[in-house]
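Take a look at the letters that make up each chain.
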Amino acid sequence: MCKKISAICYALVIVTVVYSLDFDKAKAALNGGSFIPVLVDYGFTEQQINSWTVGKIYIPFYLQQIRSGTLTAEAATTMLKNTSGAIGEISTNDMIKMEQFFRDMVIATNQLQEEENTERIAAEKSRVEAYQRYEQEKQRNEEAARIREAEEAEIERQEYAKRQEQRRQEAERNQRNKEQYAKSLGCIDYIDEGLIVTQAQITSANFDLVKKALIIPESNDLNYTVSNIVENYVIYTAVIRGKVYQIALFAEKGKTYPSGSKFDIKSVYQITGVERFSKFFGGNADIIVIERRGENPFY
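Residues numbered from 1 in each chain as written. Predicted model: local features only at pLDDT ≥ 70, side-chain atom pairs only at ≥ 80, totals over all residues. Heavy atoms only, no water.

J.: So what's going on with the packing of helix α5 (residues 58–68) against helix α7 (residues 92–184)? Residues and values would help.
T.: One way to put it is that α5 packs onto α7 with a least axis distance of 9 Å and a crossing angle of 40°. Relative to α7, the element α5 is oriented oblique. Here α5 runs over α7; the crossing is right-handed. Residues Ile 59, Tyr 62, Leu 63, Ile 66 and Arg 67 of α5 lie in contact with α7, whose contacting residues are Met 98, Phe 101, Phe 102, Met 105, Val 106, Thr 109, Leu 112, Gln 113 and Glu 116. (Axes fitted to C-alpha atoms, helices over the stretch in contact; angles between N-to-C directions. Helix = DSSP H or I, 4+ residues; strand = E, 2+ residues; numbered from the N terminus. Parallel < 35°, antiparallel > 145°, perpendicular 65-115°, else oblique. Left-handed = near helix turned anticlockwise from the far one by under 90°. Contact = heavy atoms within 4.5 Å.)

J.: Run through the packing of aromatic side chains, naming residues and quoting values.
T.: What describes a pair of aromatic rings is the distance from one ring centre to the other and the angle between the planes of the rings. Applying the stated criterion across every chain yields a total of 13 aromatic pairs. Centre to centre, the rings of Tyr 42 and Phe 101 are 5.7 Å apart; their planes meet at 85°, and the pair counts as edge-to-face. Note that Tyr 42 is positioned in the loop between α3 (36–40) and α4 (46–50) and Phe 101 in helix α7, a separation of 59 residues in sequence. The exposure classification of Tyr 42 matches that of Phe 101, with both residues buried. (Phe/Tyr/Trp six-rings, centres within 6.5 Å; stacked < 30°, edge-to-face > 60°. Buried < 20%, exposed > 50% of the residue type's maximum accessible area, 1.4 Å probe, protein only.)

J.: Could you give an account of the layout of surface pockets, naming the residues involved and the relevant values?
T.: A volume near 230 Å³ is recorded for the largest pocket. In terms of lining, the largest pocket is formed by 13 residues, of which the most central are Asn 228, Gln 246, Ser 278, Lys 279 and Phe 280. Mapped by element, the contributors of at least two residues to the lining of the largest pocket are β3 (225–230), β4 (233–240), β6 (267–278) and β7 (284–295). Looking at which element gives the most residues to the lining of the largest pocket, the answer is β3, with three residues. Looking at the lining of the largest pocket residue by residue, the class counts come to seven nonpolar, five polar and one charged. (1 Å grid on protein atoms, 1.4 Å probe; cavity = no way out; pocket = protein on both sides within 12 Å on 5 of 7 lines; lining within 4 Å. Points joined across faces, edges and corners; volume = space filled by probe spheres on them. Nonpolar A, V, L, I, M, F, W, Y, C, P; charged D, E, K, R; others polar.)

J.: Can you lay out the packing of helix α6 (residues 73–81) against α7 for me, pointing to particular residues and giving the numbers?
T.: One way to put it is that α6 packs onto α7 with a least axis distance of 8 Å and a crossing angle of 145°. Taken as a pair, α6 and α7 cross one another with a handedness that is right-handed. Residues Ala 73, Glu 74, Ala 76, Thr 77, Leu 80 and Lys 81 of α6 form the contact with α7, whose own contacting residues are Met 95, Met 98, Glu 99, Phe 102, Arg 103 and Val 106. For the contact of α6 with α7, a count of residues per class yields seven nonpolar, one polar and four charged.

J.: Residues and numbers for the nonpolar core, please.
T.: Formed by 30 residues in total, the largest nonpolar core has its most connected members in Trp 52, Leu 80, Met 98, Phe 101 and Phe 102. Listed by contribution, the elements that provide at least two residues to this core are α2 (23–30), α3, α5, α6 and α7. Top element by residues in this core is α7. It accounts for seven residues. With near-sequence residues (within four places) excluded, Phe 101 lies in contact with Val 38, Leu 39, Tyr 42, Ile 59 and Leu 63. Counting 24 residues, the second-largest nonpolar core is a separate cluster that includes Ile 202, Ile 215, Val 234 and Tyr 245. (Core = buried A, V, L, I, M, F, W, Y, C linked by side-chain atoms within 4.5 Å.)

J.: Please set out the pattern of salt bridges residue by residue, giving values where relevant.
T.: For the structure on display, the rule yields 18 salt bridges. Among the salt bridges present, the one from Asp 94 reaches Lys 97, with a minimum N-O distance of 3.2 Å. Of this pair, Asp 94 and Lys 97 both sit in helix α7, three residues apart, which is roughly one turn of that helix. For the pair formed by Asp 94 and Lys 97, the shared burial category is buried. Put simply, Glu 143 and Arg 146 hold a salt bridge, and the shortest N to O gap is 2.6 Å. You can see Glu 143 and its partner Arg 146 sitting in helix α7, three residues apart, about one turn around the helix. Overall, Arg 146 belongs to the partly exposed group, its relative accessible area being 47%. Overlapping salt bridges bring together Glu 165, Arg 168 and Glu 172 as one network. (Salt bridge = Lys/Arg side-chain N within 4 Å of Asp/Glu carboxyl O.)

J.: Run through α7, naming residues and quoting values.
T.: Compared with the 138 Å implied by 1.5 Å per residue over 93 residues, the 133 Å span of α7 between its first and last C-alpha is a close match. Gly 186, located one to two residues past α7, shows a positive phi value of around 90°. (Expected span 1.5 Å × (residues − 1).)

Function cannot be inferred from these measures alone, as they are strictly geometric.
Quick look at the structure:
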């Protein structure tokens, strides 16, 4: 009687042995790797496992389903028990170990899913943090660009203001120099718009005032060319947009004035009055007379 009880107790000890699951091995098996190293830890041998017909098809299939969460350990055990190949290959005690194996693989699946969730959360957190860093860097760059543009705009504004001030001062210097030069030649003022513009603006009301000003030529006056010489006067003629302008320059001794030669804008002039000249085809023309007063230092 005692021997029988002892045998029963021994059998119970065998059945209730708890095997430790190597998570790394289980993870490899659940992700499509070999499940044999895991089963070896449950007391099976590689030779024994390789001899099972269910080991080639059914057990890998069950593990795939457990991995996807569509199969429980109990269902896997029941399906294995009802598989014809397992009957005669896997003993009752081994089937108990297989049931424990499936339960442990479900636990490993849950642990693996938690691990993957943790990794996924960490990856998402990392992605969000990376995006936040990108946005912060972008904002810093945009702010730096705005500051730089504002600084460059301010520098440009200051440089423009400086150039404007320099031009203003230069214009004032030129004005003073022209005023002083005109006064040095006995004129009360100056006109720097040239002879053609001045001639176009002369009226009987302002003629006497214009006569007191020193006239500084400009490039438009090159339209005047020598058209005739009458006694001591050189007649210059210019045609601007169909309008004829003529001036009579008091000729200087020793200086030649070839026909068609351009007006000398390297000199300054003063209007002395008006002279009447006979036209080539008859009739008379009143022409403004000018006199050369000196060199044009503003040319």
